[in-house]
Amino acid sequence: MKNIIKNLKLKRRGIALLAQMHFFGHPSAKLKLIGVTGTNGKTTVATLMYRITKELGYKVGLISTVENLINGEKMSADYNAPSTTPDPIFLNKLLNKMVKEKCEYVFMEVTSHALDQDRVAGLHFTGGIFTNLTHDHLDYHKSIENYFGAKKKFFKMLPREAFAISNSDDPYGLRMLEGIRAHKYTYGLKSKETKADFSEKLETNLIGDFNMYNALAAYAALKLLGMDSEKVKEIFKKIEAPRGRFEHFTSPNGVLVIVDYAHTPDALENVLKTVQAMKKDGAKIISVFGCGGDRDPAKRKVMGKIGATLSDIAIFTSDNPRSEDPVKIIEEMTKDLSKDELQKVRTNPNRGEAIRGAVILAKKGDIILCAGKGHENYQEIKGIKNHFDDMEEFKQAYAK
């Protein structure tokens, strides 16, 4: 079995190298390619860098969970990736297209699956960013150390002239930089280990500590790329988060509705703590979220506990149940709850009904957080992707 796995990895790596060198002429070497890896924050960091660089007048590309863009234009169907970090042939085709469109910079998310499967093997990165490492994808990686090892693989492949930026407040942040060739930099809000190469005031209207980390990571990379710091800071004052990342509106009856992609325990806890800090006296936090089917079942009871603890009312519902029974997933989410916590929980496997239920319950001043799907405009049930958009559902509910 070990030989089979080894041969499979060699084949994957060989395909990746062939794709870039022989099919597409090594496009990454003609770009300033910046990769972002970590459990949470990849999309926000990559998108912030893309938007700011574009605002500064550069030609730039983005490869992210939400969308692939070149100079502000969405790429055609031929260049829409089926996964966050595409397969090597697709990825090099995408990078080659960006070269042809005269892009100077490209910002891309680099996932642990892609690293483990050598999808980015041989790419030439100008820099890399590590955001954080928390409980996720353990159904695939089997252990947190394997998960860390996949992320570390990215930093080991960075060339000597590249920069590596890591979150020193994260337990894995400093380990991520050990034994690598690239120039090392850290960022953080708390850690005494953070050695500031520069200290400047950065203002942004992005909400929450988690977004402060995202903004710091993006700013550090842009500064290391030689961008005009003062112009970057001016853009930061008005920039908004990507779609489905703390996306919000206020309803006609004064309820703040927030849609966020938080689908891991750490992300859900961070976003709920941010919402708690925003809540006014006497107001309620109503959360609506679920856990995906066929994915890492160990995090279900953890997320259920977080939601029930940090919400005044928690509505457990479906995420993407895939092949699993959503009712059973919800049952697993309630496993570790106390009697008092269970009293705050309502369950409804129909996500649309759960959203409408939250709208009925919420009064002026309350905050509804709908977490887990963010930008996604589908729900996967029994192998079929049905159109479903959280923000769209809320706006329709309030329109009625």
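Engineer: Now, about the overall build of the chain: what can you tell me, with residues and values included?
Structural biologist: When helices and strands are tallied, the chain shows 15 helices and 16 strands. The buried share of the chain, reckoned over its 400 residues, is 53%. For the chain, restricting intrachain contacts to residue pairs at least 6 apart in sequence, the fraction spanning at least 24 positions comes to 71%. Carbon and sulfur atoms make up 50% of the accessible area of the chain, which amounts to about 18,200 Å² in all.

Engineer: Help me get a handle on the sheet that holds strand β2 (residues 60-63), residues and values and all.
Structural biologist: Read from one edge of the open sheet, 8 strands run β4-β3-β2-β5-β1-β6-β7-β8, paired in mixed fashion. Of all the strands in the sheet, the pair left with one neighbour each is β4 (73-74) and β8 (183-187). Where strand β3 (residues 68-70) and β4 come together, 2 bridges link them in antiparallel fashion. Its bridge partner lying in β4, I70 is registered against E73.

Engineer: An account of the packing of aromatic side chains is needed here, citing residue identities and associated values.
Structural biologist: For the coordinates displayed, the defined rule picks out 9 aromatic pairs. Note on Y58 and Y105: the rings are 5.3 Å apart at their centroids and 85 degrees apart in plane angle, and the pair reads as edge-to-face. Of this pair, Y58 sits in the loop between α2 (42-55) and β2 while Y105 sits in strand β5 (residues 105-109); the two residues are 47 residues apart in sequence, bridging distant segments of the chain. Exposure remark for Y105: the relative accessible area of 3% places this residue in the buried category. Measuring from ring centre to ring centre gives 5.4 Å for F148 and Y172, while their planes differ by 35 degrees; the resulting arrangement is tilted. On the criterion of sequence distance, the pair formed by F148 in helix α6 (residues 144-157) and Y172 in the loop between β7 (163-167) and α7 (173-177) is long-range, its members being 24 residues apart. Accessibility assignment for this pair places F148 and Y172 in one class, buried.

Engineer: Explain the sheet that holds strand β10 (residues 256-260) to me, and be specific about the residues and the numbers.
Structural biologist: The 6 strands lie next to each other as β9-β10-β14-β11-β12-β13, forming an open sheet whose pairing is mixed. Looking at strand neighbours, the two that pair on one side only are β9 (247-250) and β13 (345-347), the edges of this open sheet. Sheet twist, expressed as the average angle between the axes of neighbouring strands with direction ignored, equals 15 degrees.

Engineer: Describe the pattern of salt bridges, naming the residues involved and giving the relevant values.
Structural biologist: Under the defined criterion, the tally for this structure stands at 19 salt bridges. Notably, a salt bridge pairs K279 with D312, separated by 3.3 Å at the nearest N-O pair. Residue K279 is found in the loop between α10 (265-278) and β11 (285-289), and its partner D312 is found in the loop between α11 (298-310) and β12 (313-316); the two are separated by 33 residues along the sequence. Salt bridges here are not isolated pairs; linked through shared partners, they connect R300, E324 and E332.

Engineer: Mind laying out the side chain of T317, listing which residues take part and the relevant values?
Structural biologist: Counting through the fold element by element, T317 comes out in the loop between β12 and α12 (326-333). There is a polar contact of 3.4 Å between the side chain of T317 and the backbone nitrogen of R351. Here T317 is in contact with V288, F289, G290, C291, I330, N348, P349, N350, R351 and A354, once residues within four sequence places are set aside.

Engineer: Please give an account of the packing of α10 against α11 that cites residues and values.
Structural biologist: Between two packed helices, both the angle of their axes relative to each other and the distance between the axes serve to describe the pair. Where α10 contacts α11, the axes come no closer than 9 Å and their chain directions differ by 5 degrees. Classified by the interaxial angle, the pair formed by α10 and α11 is roughly parallel. Where α10 abuts α11, its residues P265, L268, E269, L272, K273 and Q276 lie against K299, V302, M303, I306, G307 and L310. Split by residue class, the contact of α10 with α11 holds 7 nonpolar, 2 polar and 3 charged.

Engineer: Summarise the environment of Q343; cite the residues concerned and give the values.
Structural biologist: With respect to the element layout, Q343 can be found in helix α13 (residues 339-343). Distance in space between the C-alpha atoms of Q343 and I313 is 8.6 Å, their sequence separation being 30 residues.

Engineer: I'd like a description of the environment of T317, backed by residues and values.
Structural biologist: Overall, the relative accessible area of 1% leaves T317 in the buried class. Residues T317 and R346, 29 residues apart in the sequence, show an inter-C-alpha distance of 8.7 Å. A distance of 2.6 Å separates a polar atom in the side chain of T317 from the backbone oxygen of N348.

Engineer: Could you give an account of the pairing of β9, naming the residues involved and the relevant values?
Structural biologist: Here 4 bridges tie β9 to β10, and the two strands are oriented antiparallel to one another. Following the sheet pairing, H248 is matched in β10 by I258. Here β9 hands over to β10 after 5 residues, with G254 in that stretch at a positive phi of 85 degrees.

Rules used in this analysis
Residues numbered from 1 in each chain as written. Predicted model: local features only at pLDDT ≥ 70, side-chain atom pairs only at ≥ 80, totals over all residues. Heavy atoms only, no water. Helix = DSSP H or I, 4+ residues; strand = E, 2+ residues; numbered from the N terminus. Buried < 20%, exposed > 50% of the residue type's maximum accessible area, 1.4 Å probe, protein only. Contact = heavy atoms within 4.5 Å. Areas by Shrake-Rupley, 256 points an atom, 1.4 Å probe, with all protein chains shown as cover. Pairing = 2+ DSSP bridges. Phe/Tyr/Trp six-rings, centres within 6.5 Å; stacked < 30°, edge-to-face > 60°. Axes fitted to C-alpha atoms, helices over the stretch in contact; angles between N-to-C directions. Salt bridge = Lys/Arg side-chain N within 4 Å of Asp/Glu carboxyl O. Polar contact = N/O pair within 3.5 Å; in protein donor to acceptor, adjacent residues only side chain to side chain. Parallel < 35°, antiparallel > 145°, perpendicular 65-115°, else oblique. Nonpolar A, V, L, I, M, F, W, Y, C, P; charged D, E, K, R; others polar.

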